[in-house]
Amino acid sequence: MIKYHEVIRPTASENFFQQSVDLWLGFASGHMGPQMYQHHKGTKDGQPMSGVFTWDQHAKHGTIPAYNEEVFQTYLPKAAQHIGKGIPVVEFGPGSMSDAKAVINAVESHEYIPVDCSLEVIKSAHKLSMELPECTVSPAVIDFFSKNNRPLIDRPALGVFLGGTVANIPGPVPNTRPHHELINTFRNLTKAIPAGGYLVVSVDVCEDKDRNIALYNEHWHRLFGVNHIYRMAEELPMNNFDPDGFEYLPVWHEDCSLLAHTVVATKSQNFEMGNDGEILVSVKKGDIFHYNNSFKYRPDFFEDCAEDAGLEVIQSWQGVGTIRLYLFHVPPRDARNSFSAPSPNSYLQELQSRSFYSSSQLALMQEKLRTAA
């Protein structure tokens, strides 16, 4: 059964124009992650460049996704032994939900909440609900990397964060390893499960520069890495813009153990943005634009940050590659700090009371989710 979650936010698409302007003008960097996974109709030489399509192809053929899948499939049964049966599942960034069935079956869950900023999560949720009729699937359209996450369930739950996505903390290149940023990411994610429970997270612990650059330079990841450029050309008001004038470039930053995802201009071009062409952008050949991050965390650093966020390491497992799967215990939120989080119902009432989210706006957003399927 499918049931739309009551906690909703505007989708990432609504911020795409401004974030694109910020990228080209240098006002922001490392901030385009949620935009990368959106479906669009842009093409390159007849090849679909949708973020959904190119990421799915990378997930099928890429080395890093294969390592993630190997660790997940091998050690999920061991994690499930610690977790027990019947617990609700909240999954952040489920993608095609290919792993959702395995998690739901492993813990015999009857409630699954996939959380993503892409409206494609609605279509995937419909398909999954038909495959698992005894499980209620309640998609929540949220940017889980936002700094103001809210409760999604009022009972102990299992949070799931796979694919190494915990490495994609947004922002410019820092001077040191992202200690406070990772702590805040853990705290923000676990706001979704204020009653506590568990959190399963996969993370890449490889800090080898050459190896990381080689793995992210694989064919389908290179296409995924420029898909948002073709989305700009397809969806945004832009004149004289040539998306073929850029290619993907992974850049390693040793001091902060970051693989920065960038695009480099392969030619000079001037283009205009806005309905009236009011924003002028001049790009020179060789200019580099940093749009997303993949941090690589040492195990001790990763575990220390999790513990500083109030989580307890139960166990970790590592497969043939450099991907680790972690199982954390998540105490109830009032045990992590003195603040008692509001319930999902109280949060909905809070949204409705705010002047910038009227009842009619919320109703319109809910309708948008329903028609997206």
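On a predicted model such as this, the values are computed, not experimentally measured, just so you know.

**What to know about the environment of D45**
In this structure, D45 sits in the loop between strand 1 (43–44) and strand 2 (47–48). We classify D45 as exposed; its relative accessible area is 74%.

**As for helix 10 (residues 299–308)**
Those residues of helix 10 that fall on the buried side of the exposure criterion are F301, F302, C305 and A306. Taken end-on, helix 10 shows its buried residues confined to a sector of 130°, consistent with a single buried face. Structurally, helix 10 contributes buried residues whose contacts are with helix 6 (179–190), strand 8 (197–204) and strand 16 (323–330).

**Describing the sheet that holds strand 10 (residues 246–253)**
As summarised here, the arrangement of the 3 strands in space is 10-11-14, forming an open sheet in which the pairing is antiparallel. Strands with a single pairing partner mark the edges of an open sheet, and in this sheet they are strand 10 and strand 14 (288–295). In this sheet, neighbouring strand axes are inclined to one another by 25° on average, regardless of whether the strands run parallel or antiparallel. Pairing geometry for strand 11 (residues 258–265) and strand 14, over 7 bridges, is antiparallel. Its bridge partner lying in strand 14, V263 is registered against F289.

**Here's the deal with the side chain of T165**
Turning to its location among the elements, T165 is positioned in the loop between strand 7 (157–161) and helix 6. Of note is the side chain of T165, whose polar atom sits 3.0 Å from the backbone oxygen of L162. Ignoring anything within four residues of it in the chain, the contact list for T165 reads F144 and F145.

**Let's talk about the packing of helix 3 (residues 63–83) against helix 4 (residues 100–107)**
It is at 9 Å that the axes of helix 3 and helix 4 come closest, and there the two elements cross at 30°. Between helix 3 and helix 4, the angle falls in the class roughly parallel. Here the hand of the crossing between helix 3 and helix 4 comes out right-handed. Of helix 4, the residues touching helix 3 (which contributes F72, L76, A80 and I83) are A102, V103, A106 and V107. Looking at side-chain class alone, the contact of helix 3 with helix 4 contains 8 nonpolar, no polar and no charged residues.

**Remarks on the environment of Q57**
By the element assignment, Q57 lies in helix 2 (residues 51–61). Among the residues examined, Q57 registers a relative accessible area of 13% and is labelled buried. Each C-alpha atom of the pair Q57 and L223 lies 9.6 Å from the other, and the pair is 166 residues apart in sequence. Among residues more than four places away in sequence, those in contact with Q57 are G62 and W220.

**Some points on the pattern of salt bridges**
Opposite charge on two side chains allows them to pair when their charged atoms are near. For the structure on display, the rule yields 11 salt bridges. Across the pair K44 and D244 runs a salt bridge, and its minimum N-O distance is 3.8 Å. Here D244 lies in the loop between strand 9 (238–239) and strand 10 and K44 lies in strand 1, a separation of 200 residues in the sequence. K267 is paired through a salt bridge with D242; the nearest N and O atoms lie 2.6 Å apart. Separated by 25 residues along the polypeptide, K267 in the loop between strand 11 and strand 12 (269–273) and D242 in the loop between strand 9 and strand 10 bring together distant segments of the chain. For K267, a relative accessible area of 33% gives the class partly exposed. Because the salt bridges share partners, they merge into one network encompassing E111, D154 and R155.

**What about the nonpolar core?**
Judged by nonpolar contacts, the single largest core of 66 residues is most densely connected at W24, L158 and M232. Apart from the residues within four sequence positions on either side, W24 is in contact with I229, M232, M238, F241, F246, F271, M273, V281 and F289. Core analysis: the second largest hydrophobic core is formed by 39 residues, F92, V115, V201 and F328 among them.

**As for helix 2**
Structural remark: α-helix, 3.6 residues per turn; residues separated by three or four positions point the same way. Among all positions of helix 2, only G51, T54, Q57 and H58 are buried. When helix 2 is viewed along its axis, its buried side chains cluster within an angular range of 140° and face the same direction. Here helix 2 starts with a cap whose side-chain oxygen sits 3.1 Å from the backbone nitrogen of V52, and that cap is S50.

**Some details on the pairing of strand 8**
Counting buried positions over the 8 residues of strand 8 gives 8, a clear majority of the element. For strand 7 and strand 8, the ladder comprises 5 bridges, and the chain directions are parallel. Its bridge partner being in strand 8, G159 is matched across the sheet by L199. Regarding topology, helix 6 serves as the crossover connection from strand 7 to the parallel strand 8, and that connection is right-handed. Bridge count between strand 8 and strand 16: 8 bridges; the pairing is antiparallel.

**Some thoughts on the side chain of H290**
Assignment of secondary structure puts H290 in strand 14. On the basis of relative accessibility, which here comes to 12%, the residue H290 falls in the buried class.

The rules we used
Residues numbered from 1 in each chain as written. Predicted model: local features only at pLDDT ≥ 70, side-chain atom pairs only at ≥ 80, totals over all residues. Heavy atoms only, no water. Helix = DSSP H or I, 4+ residues; strand = E, 2+ residues; numbered from the N terminus. Buried < 20%, exposed > 50% of the residue type's maximum accessible area, 1.4 Å probe, protein only. Arc of directions from axis to C-beta. Contact = heavy atoms within 4.5 Å. Pairing = 2+ DSSP bridges. Axes fitted to C-alpha atoms, helices over the stretch in contact; angles between N-to-C directions. Polar contact = N/O pair within 3.5 Å; in protein donor to acceptor, adjacent residues only side chain to side chain. Parallel < 35°, antiparallel > 145°, perpendicular 65-115°, else oblique. Left-handed = near helix turned anticlockwise from the far one by under 90°. Nonpolar A, V, L, I, M, F, W, Y, C, P; charged D, E, K, R; others polar. Salt bridge = Lys/Arg side-chain N within 4 Å of Asp/Glu carboxyl O. Core = buried A, V, L, I, M, F, W, Y, C linked by side-chain atoms within 4.5 Å. Right-handed = clockwise from strand over helix to strand, strands pointing away.

Shape is all these values report; function is a separate question.
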